[in-house]
Structure formats: C-alpha cells, structure tokens
Amino acid sequence: MKALTKGQYRGRDGIWAVFDLGWNTELRVGILEHDIGRVVMKRAGGYALDRGWSIAPNGLEPPFEGRSRDSIEGFTCPAASVVQRDGAVVLEAAGLTAVVRLSPFGVAWHRTGESQPFLNDRPTQAYFMSRKSGALQHVVARHENERHYGVGDKVGPLNHTGRRFKIDAVDPCGFDAELSDPLYKMIPFLVVDGDMGAHGVFYDNHAAGEMDLGCTIDNYHGLFRSYSAQDGDMDFYVLAGPSVPDVVRRFSWLTGGQAFAPKWSLGFGTTSMTIADAPDADARITDYTGKCRHHQIPCDSFHFGSGYSSIGPRRYAFNWNRDKFPDPAATMARLKEAGMQPVTNLKPCLLDDHPRLKEAKDQGILVMDGATGEPAVAQFWDGLGFHIDFTNPDGRAWWRDGMQTALLDYGVVTIWNDNNEYEIWDEDAICNGDGRPFAQVLARAAQPLLMTKLSYETQAAHAPGKRPYAITRGGAAGLWRYAQTWSGDNETAWKTLRFNLTQGLNMSLSGMFNIGHDVGGFHGPSPNPELFCRFVEFCSLWPRFVMNSWKDNGVVNLPWMHESVIPQVRGAMTLRYRLMPYIYTQMWQASRRNEPVVRPLFYDFPNDRQAINVQDSFMLGPDLLVAPVLEEGVVDREVYLPQHEGGWFDFHDGRHVDGGQTITVAAPLGHVPVFARCGAMIPVTNQIDRIDPGLDTQREVLVFGVLADVSEAYLYEDDGDTTDWRGERRLELRFGLRRSKDGPVLSVNTDGSYRPAFDTISVRTVAVDGKIRIDTSKDSAVKIEQGSQAFPV
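Here the residue numbering is sequential within each chain, running from 1 through the sequence in written order. The predicted origin of the model limits local features to residues at a pLDDT of at least 70 and limits the giving and counting of side-chain atom pairs to 80 or more, whereas totals for whole chains, interfaces and linings rest on all residues. Computation of side-chain values: all heavy atoms of the structure, hydrogens and water removed.

Undergrad: How do you make sense of the pattern of salt bridges when you look at a structure like this?
TA: Two side chains carrying opposite charge are able to pair once their charged atoms lie near each other. For this document, the term salt bridge refers to a Lys or Arg side-chain nitrogen within 4 Å of an Asp or Glu carboxyl oxygen. In the structure shown here, the tally under the stated rule is 60 salt bridges. For the salt bridge of R250 with E33, the shortest nitrogen-to-oxygen distance reads 3.7 Å. Of this pair, R250 sits in helix α1 (residues 244-254) while E33 sits in strand β4 (residues 25-33), placing them 217 residues apart in sequence. Buried residues are those whose accessible area, probed at 1.4 Å on protein chains only, stays under 20% of the maximum for their type, while exposed residues exceed 50% and partly exposed ones sit between those limits. Owing to a relative accessible area of 15%, R250 belongs among the buried residues under this scheme. You can call E33 buried: its relative accessible area is 6%. Between K783 and E785 there is a salt bridge whose closest N-O contact spans 3.8 Å. Residues joined in a network through salt bridges with shared partners are D171, K347, D418, E421, R473 and D489. Here a helix means four or more residues in a row that DSSP labels H or I, a strand means two or more in a row labelled E, and each is numbered from the N terminus.

Written as structure tokens, this is what we have:
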C-alpha cells in the first residue's frame, strides 16, 4: 500500500476542509455536531461504494437503497472556522477542533478547552491506500494506559487492549468464548478510555477488515492501533465523549437507536432444534406447554427452530413440514392460548434443490456471480445454496410475500433472522444495489441488516399499532434499530459463563442494548444440574432470556431437565419476573435515551479505579449490581461494590454494606447475588407467572435508603406493545427522593394517559428513617401510598 504522508489544503467545500493527499486521493475533514467529527477519503475522484446503511442520526431511517455517503442530513453542522498556521489547518467549531498537519499528514482532535488531543493520528504514516487493490488503513497513536472496548460481538476479557480482531462474519457454532474470532457481526466501532477521557471511532465500511488494538508493536512508530479494510471506503466518525456513557449514547444516536420491543419479548422463551426436528414436533410442543404448567415455569414465547421447514434432513425457507405440523395455524393458536407468542426461524439461503429455486432464479433475485451470470454459490448448513439479494427490490418483494403468506398469515408474530452472515466467498459476487450494482465484498454486512429491516417493517405492516419485534444473529451497525440479538451459538462450559459476560458487555457498549445468551449453552455436552442452574441464574437478568440448544445426544435444554434443581431454576426466573417493571423501564430508557441496559461497573462509577477491572459482575440499569456465580463448585463468591454515598443493600434481604470494598456473599444454587445502591427506587410486581399488562394488578416501589442529594427513578407503563409509546398511550412516572427537615420526601410526577391494571403503587422502604411523605399531583393516574417495610422482597 501507499503511505499518504503529504497533504495540500484545497479550501472549503460546505462543512468540509478539503485536502489533496496525492495519488489522486482526496481527504475531507468536517464537524457534524459539537462532539462528532468525520473524515472521508475519496480515491480516484469517487467512492468504492457511494452509500451505506448504518448511519441514521437521531432515528433518520435510511432507505433500502442506502444513505448517500455524501449526505449530512440529520446533523446540525455547527458553524466552523478554518485558519492556517505553522504548517497546519485548524478547523474549529463550538465543542470540537480538528488540527490537520500537512506534513507528515495527520489529524489531531481536541475538545474545546483542552490543549492535548484526545485522538491523534500516528505522526509516522497514518493513512494508507492500495493502488492495486481496494485495501486501506488508518493508524492512530496509542497511549500506554488506554483501554479499548466495543468492536461488536468479540470474545475475551473486557478490555481489548493488545488484541487483534477480524471484522468479518462466519457461523462459529460452539465458539470458544475466550479465543474465537470472528463471530457473527461486523461492527468496526471502538470505545477508548484513558487519562484523556473517553472517545469513540466508528468506521462506516461494510467490507471485511481488521482492528489491531496494540497487538502489533513496531519500533519505528511508537505505540499505535489501526483499522484496516480489504476494500471499501475510508469514512469514519469521531465521537468526542468525554466519558464512556457519552460515547455509547452518541453512537446509539448516530446509528438510529435501539428498537423498543414489546413487553412479552422480555419474558422467558424457549427454542430447540430438537423439538422442531422431531417427527412428532407438534405433539412435543403441546407436551412442552403442558410441562410449563405442571412445573409452574413462566414462558412468554416459543421459538421454532428451522426444523419446521424440513423436507427430509434439509431445511427450506417458507416450507411447512405437514407431517410434523399438519395445521400450522392451529399450532400457533394453541401456543397463544397457552400465553406463548410464536417466533419462527428463517434463513436467507435457498438450497440447490429448494422447491422455489427456479422461481427465484427466473426472477433474478439472488446474489449473482458476475463472471458466470449465474447465482453465486455458497456453502450453507445443509449443502450448497444461493442467497436472496436484499438490495434487490424484487428480492425484497418476494421475501416479504413469503413471510406474509407462509408465516404471519398462520399466526407467527416474530421473524428470527438466522444464519445470515452471508458467507459468499465468491470474489465475483454482485449485488443488485437497487439498480446500481456493486461488488458483494463491499457490503456483505449490509445484507443481514436489510434482511432484518425487511422483517421488522413487514411485521409492522401486518399488525399496525403494535410494536414489531425482530431477532437477528448477523448484521452491521444499526441492526439494533430493528432487532434483538444475542451472543450466538455458545458452548456449554463454565468458561462460557465468564466470557459471555464480558462479550455481552462489549456488545452493549457497541450499541446492542437488547441482548442475551443461549441459556444452558447451545452446543457441546448437556449441562449437569449445577452448570445448568448457574446458566439460568446468569442469563435471567439480561434483556434476552431464551433457552436455545442443540446437542449431539438429543437431550434438549429445558427448565425441568434436572429435577434436582427445578425449584432453584424457578426461583431465578421468579426474580426476573418480579423485576420486570424495572427491566421494562430500562428497555424504555434504552430506546428513549440511548442508554444501555446492561453495562460494566465503570460505566456508572467512572471515578472508582477498582471498578475498571471488575469483569465478573455487571450493572442492570443504574441501580442494580448483579454478581452471578461463574465458577464450578462454589456456594459463595467475592463481590466488589463500588464507592457510593450510602453504600449498597442486598436486594434479597436488605442487609447494608459499605461501598468501595470486596465482600464475600452466600450464593447457593438458585440465588443470584444482587445489590441495590443507596437511593435506588426499584419498581417490582407480583405477576411472576407471565407478562400480561392487562392482568398486572399490583405495583410496588422498593426504596433503598435516602441520599443527601435528590435521587431520581422512573417507572414506565403501557399496554406492552403500543407504537404510541412516546405519546399519550403511555404512563411515565418520575420519582424524586430527597431529605427535608421533616424527614424524607418522595415527589411523583406523571405524564401520559395510559391507565394500568393497578390503581395504587405501594412504596416500601429499607434503611429509611421515619415515614416518607409522598408529594404527588391530585390528578395522578395512580395512587401512591406508604407500604409495609420492604423485606422480605
């Protein structure tokens, strides 16, 4: 590759400062917001791909055709000045400054009022591009104490410093949660934290690439990190922070935010290839619903593995195996009657003997091989096949019709987009590009993103007025605008628990707020009672809580698979359902405020240096610390509680513990250590057998101590799936707790016209001196009253 080390300033073009880097290459630097900068490179006067699908500032949804790479729509683009001095060009706007060195060429980014740059291109060769291929590279200086997070669904320790990751996607069934790479998603987004505060960098490129976060050491260059791409465009966004929450929230805003899924999707769900693959699959589903009732296990959704679509041993999109499922509509109705929403797995590859393959070929709706004029061949799960091209409007219409007639019309409510990593390795593969074709290598990750967008919009059209809920395994940045996702086909192992935790935290810091893990482990040996129970405990307090497995021995993970721990499994599930008002409110905050639901301890306690190193606990929202058991054979564990005014309270028994210390807590099977920080107000319910807002007639708020300053909490309520969740069909309660000379005062403000099934909220307290005075408006939708002491919960 050529190192682009000398630049010439060419002047202004709108918001851009434009530079000539030689070799027919132009680079533009612009400021889009007070805390967002952008760098764009054009080679040979144009882009390799002139559009993208990830950028959606403030929810400005890009069309299927993609958002023009030249677009600045949705950004405020503050007024910026340009001055030249001392061999540099300085682009400055309120909040952010870019200092561009002309030789050696590089950009240094400063926050207003800070003399040192928070991000600085490497002074020895920062930009590279190949004249012989589409390859490119960007290299920045790295400080020794910087920590690196994000990059999507990456495994290993929480801090990625010293790692090198491929930006690519495969189907790594049974992956090693510490070492495997790549996994399912292609998200070249990085959060960097250190002495200069935090910043983020997002490379808007859907081609395969690499993130080197200090793995490479080269004596000539000092410490550095780099992003490389095999093809595509150098187009990256700089997020100025200055804190990790600032960066994460801004990246979510930049890419469109998290879809607010219906409430039932937060309940326990089950899927198993074994059930759907069985010759008597329909009867097995009936047996499953009966066993849920017998064992008193709540279950709000049943996810059909792809076995429902089989002909012989292979799977075919939009086919129903009528031997297994004689009447699919009746099966869906029976599930709904049992309180379980039906979800169906759908794969975007048509096998080479698919009954409708000729139809798809004749309509030209498959990804094509540009060298042969035939559909591009790919290896798939059951054999060779051909992928639907979701950049083709005819392909989308054909797929939409299939979802409607083969699934939604039968009563399916959600599409689970699976095996959509688009492993088409043919270098001549071509996408239709809505009439403007481009090479598949430029945007492999766009295909699963568009597949998920299509399923989301099709479901929305099918059930207007109801929030759709989609699921996807693969995709690019922005997939969260439509879907829930998860860490993938994990291995049943103790190590998986530990590293699924850090993997999930990095996914959350990468914009995926609605996430979880396959309960019990998808692949590998069947879990013994202890491991199975610990898996349930661990997964029970993540947004997605789905038991999904495939085992060689045919033994499926089900809540009652080990009779000896059924009470403990039920207990962990009960805790989740008891906390459902809190979890649902956090999901609302994720969509409303771009706030991750699950996050590392340092997210909420940035000034506690010990919290930075905690990798075996997580925060559930701002108020609950969850410390699952991750090791075999233990019945207690050490937990670090960050420094916090007033300390912490054991959520289960109300015991007070000072912060800033490591304690040892009891953790027998079925018991998840959870701590509430002082000042927390946690809404809970007694509806522990299902999620049904129409029958949820009880609500309590548990108050854990009083802070010196006002503490705030929210409770969000609606009918569970309204699309008007920002409007009048909601009930939003804001609680403020403060001290006064006459004792603690709780103020409650309400907004929205939704009337829940409960008419009273009982306030129960722990470590609160005296009775709380409740101050609420007379026209409040619900009555707020002092309840009994908070414990037992």
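Undergrad: Looking at this structure, how should I read the pairing of strand β14 (residues 136-141)?
TA: One face of the sheet, then the other: side chains in a regular strand alternate in exactly this way. By the criterion of burial, β14 is predominantly enclosed, with five of the six residues buried. In this sheet, β14 lies alongside strand β13 (residues 127-129) in antiparallel orientation, the contact comprising three bridges. Residue pairing for β14: Y127 is matched across the bridge by H138. Pairing between β14 and strand β21 (residues 224-229): six bridges, direction antiparallel. If DSSP finds at least two bridges between two strands, the strands pair.

Undergrad: Got a minute to help me understand the domain arrangement of the protein chain in this structure?
TA: Buried accessible area, meaning the area lost when the parts come together, often serves as the stated size of an interface. Note that the domain bounds reflect an automated or database-derived domain assignment. Considered domain by domain, the protein chain is made up of domain 1 (2-151 + 188-255), domain 2 (263-348 + 392-593) and domain 3 (680-786). Summarising the inter-unit geometry, the C-alpha centres of domain 1 and domain 3 are found 44 Å apart.

Undergrad: Quick question: what am I supposed to make of the packing of helix α9 (residues 529-539) against helix α10 (residues 566-578) here?
TA: To define axes, lines are fitted to C-alpha atoms, for helices over the stretch in contact only, and angles between the resulting N-to-C directions are given on a 0 to 180 degree scale. Relative to each other, α9 and α10 sit at 0°, their axes nearing to 9 Å. As far as their axial angle goes, α10 and α9 are roughly parallel. Each of F532, C533, V536, E537 and C539 in α9 lies in contact with α10, whose residues at this interface are Q568, V569, A572 and R576. Polar here means any residue outside two lists: the nonpolar Ala, Val, Leu, Ile, Met, Phe, Trp, Tyr, Cys and Pro, and the charged Asp, Glu, Lys and Arg; Gly therefore counts as polar. A breakdown of the residues in the contact of α9 with α10 according to their chemical character gives six nonpolar, one polar and two charged. Here the angle decides the label: under 35 degrees means roughly parallel, over 145 means roughly antiparallel, 65 to 115 means roughly perpendicular, and every other value means oblique. Between two residues, a contact is recorded if the distance between any of their heavy atoms is within 4.5 Å.

Undergrad: Would you mind going over the nonpolar core with me for this structure?
TA: Nonpolar side chains tend toward joint burial in soluble globular proteins. Within this scheme, the nonpolar core is defined by two criteria: the residues are buried Ala, Val, Leu, Ile, Met, Phe, Trp, Tyr or Cys, and they are joined through side-chain atoms within 4.5 Å. Ranked by size, the top nonpolar core spans 152 residues in total, and within it W399, L541, L620 and F651 carry the most contacts. The next biggest cluster of nonpolar side chains, apart from the first, holds 47 residues, and it includes I31, F105, F118 and L119.

Undergrad: Could you clarify how one ought to interpret the sheet that holds strand β16 (residues 164-167) in this entry?
TA: Within a sheet, adjacent strands bond to each other through the backbone by hydrogen bonds, running parallel or antiparallel. Ordered in space as β1-β13-β14-β21-β20-β16, the six strands form an open sheet in which the pairing is antiparallel. Pairing within the sheet leaves two strands with one partner each, and these edge strands are β1 (2-3) and β16. When β16 meets strand β20 (residues 209-212), the two strands line up antiparallel, connected through four bridges. In the sheet register, I167 faces β20, and the bridge partner there is G209.

Undergrad: Explain the UniProt feature "domain: Glycosyl hydrolase family 31 C-terminal" (unreviewed entry) in the protein chain here, please?
TA: UniProt positions are given in the numbering used here, feature names are shortened, and annotations may be inferred rather than shown by experiment. Cross-referencing UniProt, the feature "domain: Glycosyl hydrolase family 31 C-terminal" (unreviewed entry) maps to residues 595-682 in the present numbering. For residues 595-682, the end-to-end C-alpha separation is 17 Å, with 5% helix and 36% strand making up the annotated structure.

Undergrad: How do you make sense of the UniProt feature "domain: Glycoside hydrolase family 31 TIM barrel" (unreviewed entry) in the protein chain when you look at a structure like this?
TA: UniProt records the feature "domain: Glycoside hydrolase family 31 TIM barrel" (unreviewed entry) at residues 259-586, using the numbering of this structure. As annotated, residues 259-586 comprises 35% helix and 16% strand, and the C-alpha atoms at either end are separated by 13 Å.

Undergrad: Even after reading the chapter, I still don't get unusual backbone geometry, so can you show me in this structure?
TA: Both trends apply: most residues other than glycine have a negative phi, and most peptide bonds are in trans. At the junction of S103 and P104, the peptide bond is cis and its omega measures out at -10° in the coordinates. Positionally, P104 belongs in the loop between β10 (96-102) and β11 (105-111). Here the residue pair D181 and P182 is connected by a cis peptide bond, since its omega of 0° sits within 30 degrees of zero. Considering the arrangement of structural elements, one finds P182 in the loop between β16 and β17 (185-186). One non-glycine residue, C77, lies in the positive phi region at around 45°. Note on placement: C77 falls in the loop between β7 (67-68) and β8 (80-85). We note that Q296 has phi near 55°; this positive angle belongs to a residue other than glycine. Tracing the chain through its elements places Q296 in the loop between α3 (281-295) and β24 (301-304). For Q296, a relative accessible area of 58% corresponds to the exposed category.

Undergrad: What's the story with the environment of E732 in this structure? I'm lost.
TA: Note that E732 resides in strand β50 (residues 731-738). The spatial distance from the C-alpha of E732 to the C-alpha of S753 is 9.1 Å, given a sequence separation of 21 residues. What E732 contacts, discounting residues up to four positions off in sequence, is W588, R592, Y714, L715, N749, T750 and D751. Polar contact criterion, stated in full: a pair of N or O atoms within 3.5 Å, where within protein one must be able to donate a hydrogen and the other to accept it, and residues adjacent in sequence count only if both atoms are side-chain atoms. Only 3.2 Å separates the side chain of E732 from the side chain of R730, close enough to count as a polar contact.

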